[in-house]
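Structural characterization, general
Each chain is listed here by its residues.
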Amino acid sequence: MTEPVPTRTHALTEEASAGESGGESTGTVVVAGLANLGIAIAKLVGGLVSHSSAMLSEAAHSLADTITEVLLFVALKRGTRAPDARHPVGYGRETYFWALLACLATFTLGAGFSFYQGVQTIVEGEEQGDPLIAYVVLGVSFLLEGASWLKAVRQVRGSARRWGTTWRRYLAETTDTTVKAVTFEDSAALVGLVLAALGLFLEQVTGDPVWDGLAAILIGVLLLVVAGALARTNVSLLIGQSVPRTVEDQLRAEITALDQVVDVPVLMTSVIGPGQLIVSAKVDFADDATVADVERASDEAERRLVALHSGVRYVFLDPTPGDGRARAEVHRPE
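Residues numbered from 1 in each chain as written. Predicted model: local features only at pLDDT ≥ 70, side-chain atom pairs only at ≥ 80, totals over all residues. Heavy atoms only, no water.

Rules: UniProt positions are given in the numbering used here, feature names are shortened, and annotations may be inferred rather than shown by experiment.
Named according to an unreviewed UniProt entry, the protein is Cation diffusion facilitator family transporter originating from Geodermatophilus telluris. Under Subcellular location (unreviewed entry), UniProt gives the following word-for-word description of the protein: "Membrane".

Below you can see the structure in the form of structure tokens.
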């Protein structure tokens, strides 16, 4: 397929040059998963030695992140299967199903355990242990999480720069939710480590375990926010999200610019996987357009739309003005 001109493309369709992007996404997920597994074990040891509920919450956080990376890896592999007779537009949306399960893992295991630990510590208190190992674990974890976070950020910034947009807009609009999940979760992990260290320090200084319990609850809130944001994105894509209005306007303009085309009264898009979409439109052709004119214009429309956005996988054009008369005939009152 023809590569789109970078300044005219969009984060929702750029991932469609998918060989390169898919491999990069897989690498990001694998690095994050391995880092989280080692960190979860270290945090668990540190939490048990220091008797810190915030550290144990962080251990649950990292374990949830590890499960998340496994599910995201499955999402990347299963979502790239080729179309078949029962799934003619492919398996791209399955990516969002597995990514949604990953959000649920973060919500139930990470946030749920953090809330439980925090409330229990505030209500019942805790015996203080040696915080030295916990501080060492937090420091090493911050370095490992930071390395994973930097890899994800480099991918996001590189993709945003390559396609002429900002990294914030890329994260907000990209359909590659695996990279978005890793970036969000690694960012939350770094903030969670700071909260755990702060709670541990305040408990050590004041002798009051409430600070440690409060830190655990804040970590739970942080995980809840991240899981909710990612779940909302994946649900929207799973049920068939359209591309932004600016992209639809570009697609409509390409079709309208064709010879014999008078207007495009209806244009619908639907994302069918990371960087993949279907374009459907009702096209009002000139009254003197022949069948051959319509066929040529339809072929040219598909070529233009694929050239404009390589994420376009299917183009369906209906050569009717879309004035609602067909619907009125079907639903005519008796």
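Notes on empty space enclosed by the protein
It is the rolling of a water-molecule-sized probe over the atoms that shows where space remains empty. Quick note on the threshold: Here a cavity denotes grid points, spaced 1 Å and computed from the protein atoms alone, that fit a 1.4 Å probe unable to get out, and a pocket denotes an open set having protein on both sides within 12 Å along at least 5 of 7 lines; residues with an atom within 4 Å of a point are the lining. Grid points are joined across faces, edges and corners, and a volume is the space filled by probe spheres set on the points. The helix and strand labels rest on DSSP assignments: H or I over at least four residues marks a helix, E over at least two residues marks a strand, and numbering proceeds from the N terminus.
The full count for this structure, using the stated rule, is 1 cavity of 30 Å³ or more. In this structure, the largest cavity spans a volume of roughly 40 Å³. Around the largest cavity, the lining residues are T68, L72, A99, A102, C103, T177, A181, E185, L230 and N234. Mapped onto the lining of the largest cavity, the elements with two or more residues apiece are helix 3 (53-78), helix 4 (94-124), helix 7 (177-206) and helix 8 (210-238).

Concerning the side chain of T177
The condition that has to hold: Here the term buried applies to any residue with accessible area under 20% of the maximum for its type, exposed to any over 50%, and partly exposed to those in between, with areas from a 1.4 Å probe on protein chains only.
Turning to its location among the elements, T177 is positioned in helix 7. When its relative accessible area of 3% is taken as the criterion, T177 is described as buried.

Let's talk about the UniProt feature "transmembrane region" (unreviewed entry) in the protein
When the UniProt feature table is mapped onto this chain, "transmembrane region" (unreviewed entry) is found at residues 96-116, 132-153, 188-207 and 213-231. With 100% helix and 0% strand, residues 96-116 has its two end C-alpha atoms placed 29 Å apart. When the span residues 132-153 is considered, its composition is 100% helix and 0% strand, and the gap between its end C-alpha atoms is 31 Å.

A look at the environment of G273
In plain terms, the rule: Whether two residues are in contact is decided by their heavy atoms, any of which lying within 4.5 Å being enough.
Here G273 shows up in strand 1 (residues 261-273). For G273, a relative accessible area of 0% puts it in the buried group. Residues G273 and L238, 35 residues apart in the sequence, show an inter-C-alpha distance of 8.6 Å. Sequence-distant contacts of G273, that is, excluding residues within four places in its chain, are made with G92, R93, Y96 and T175.

So, the confidence of the model for the protein
In low-pLDDT regions, the fine details of the predicted coordinates are not to be read closely. Note the cut-off: The pLDDT value tells you how sure the predictor is about a given residue, anywhere from 0 up to 100.
Summary statistics for the protein give a mean pLDDT of 81 and a share of 87% for residues scoring 70 or more. Per-element confidence in the protein is highest for strand 2 (residues 276-285), whose mean pLDDT is 93, and lowest for helix 1 (residues 11-14), whose mean pLDDT is 43. pLDDT under 50 marks residues 1-21. Its contacts with residues more than four places away, or in other chains, come to 71 contacts.

As for the packing of helix 3 against helix 7
Quick reminder of the rule: Simply put, an axis is a line fit to the C-alpha atoms, just over the touching stretch for a helix, and the angle between two N-to-C directions goes from 0 to 180 degrees. Roughly parallel means an angle under 35 degrees; roughly antiparallel, over 145; roughly perpendicular, 65 to 115; everything else is oblique. For this classification, Asp, Glu, Lys and Arg are treated as charged, while Ala, Val, Leu, Ile, Met, Phe, Trp, Tyr, Cys and Pro are nonpolar and the rest, including Gly, are polar.
One can describe the packing of helix 3 onto helix 7 by two numbers: an axis separation of 11 Å at closest approach and a directional angle of 170°. Relative to helix 7, the element helix 3 is oriented roughly antiparallel. Two secondary-structure elements touch here, helix 3 through A54, E58, H61, D65, T68, E69, L72 and L76 and helix 7 through T178, A181, V182, E185, A188, A189, G192, L193 and A196. Looking at the contact of helix 3 with helix 7 residue by residue, the class counts come to 9 nonpolar, 4 polar and 4 charged.

Overview of unusual backbone geometry
Within the chain, Q260 stands out as a residue other than glycine whose phi angle is a positive 75°. Given a relative accessible area of 31%, Q260 falls into the partly exposed group.

Some points on a nonpolar patch on the surface
Quick note on the threshold: Patch membership requires over 30% relative accessible area and the absence of a salt bridge. Like charges are linked within 9 Å, and nonpolar side chains (Val, Leu, Ile, Met, Phe, Trp, Tyr) within 5 Å. The protein chains shown are the only cover counted for residues, whose accessible areas, like all others here, come from Shrake-Rupley with a 1.4 Å probe. A pairing counts as a salt bridge when a side-chain nitrogen of Lys or Arg comes within 4 Å of a carboxyl oxygen of Asp or Glu.
A contiguous nonpolar patch, built from V119, I122, V123, V210, W211, L214 and L218 and spanning about 570 Å² of accessible area, is present on the exposed surface. Listed by contribution, the elements that provide at least two residues to the nonpolar patch are helix 4 and helix 8. In terms of residues, the nonpolar patch owes the most to one element, helix 8, which gives 4 residues. Its relative accessible area of 63% is what places V123 among the exposed residues.

Considerations on the packing of aromatic side chains
Filter applied, for reference: A pair of aromatic rings is counted whenever rings of Phe, Tyr or Trp (Trp by its six-membered ring) have centres within 6.5 Å, and the orientation is called stacked for planes under 30 degrees apart, edge-to-face for over 60 and tilted otherwise. Two thresholds decide whether a charge sits over a ring: the Lys NZ or Arg CZ must be within 6 Å of the ring centre and within 35 degrees of the ring normal.
Applying the stated criterion to the full structure yields 2 aromatic pairs. Seen in terms of ring centroids, F97 and W98 are 5.5 Å apart; in terms of plane orientation they differ by 80°. Their pairing is edge-to-face. A cation over a ring is seen here: R81 above Y91, with NZ or CZ 3.8 Å from the ring centre.

Overview of the environment of L200
Structurally, L200 is set in helix 7. Relative accessible area serves as the criterion here: at 3%, L200 is assigned to the buried category. Separated by 72 residues in sequence, L200 and Q128 have C-alpha atoms that sit 9.7 Å apart. Setting aside anything within four residues of it in sequence, one finds L200 in contact with S52, P131, A134, Y135, L138 and D212.

Focus: the packing of helix 5 (residues 131-162) against helix 7
Note the threshold: By the definition used in this description, the sense in which the near helix is turned from the far one sets the handedness, with an anticlockwise turn below a right angle giving left-handed and a clockwise turn giving right-handed.
Two numbers describe how helix 5 lies on helix 7: the axes approach to 9 Å, and their chain directions differ by 160°. Looking at the two axes, helix 5 sits roughly antiparallel to helix 7. Viewed along their axes, helix 5 and helix 7 form a crossing whose handedness is left-handed. Considering only residue class, the contact of helix 5 with helix 7 consists of 18 nonpolar, 7 polar and 2 charged.

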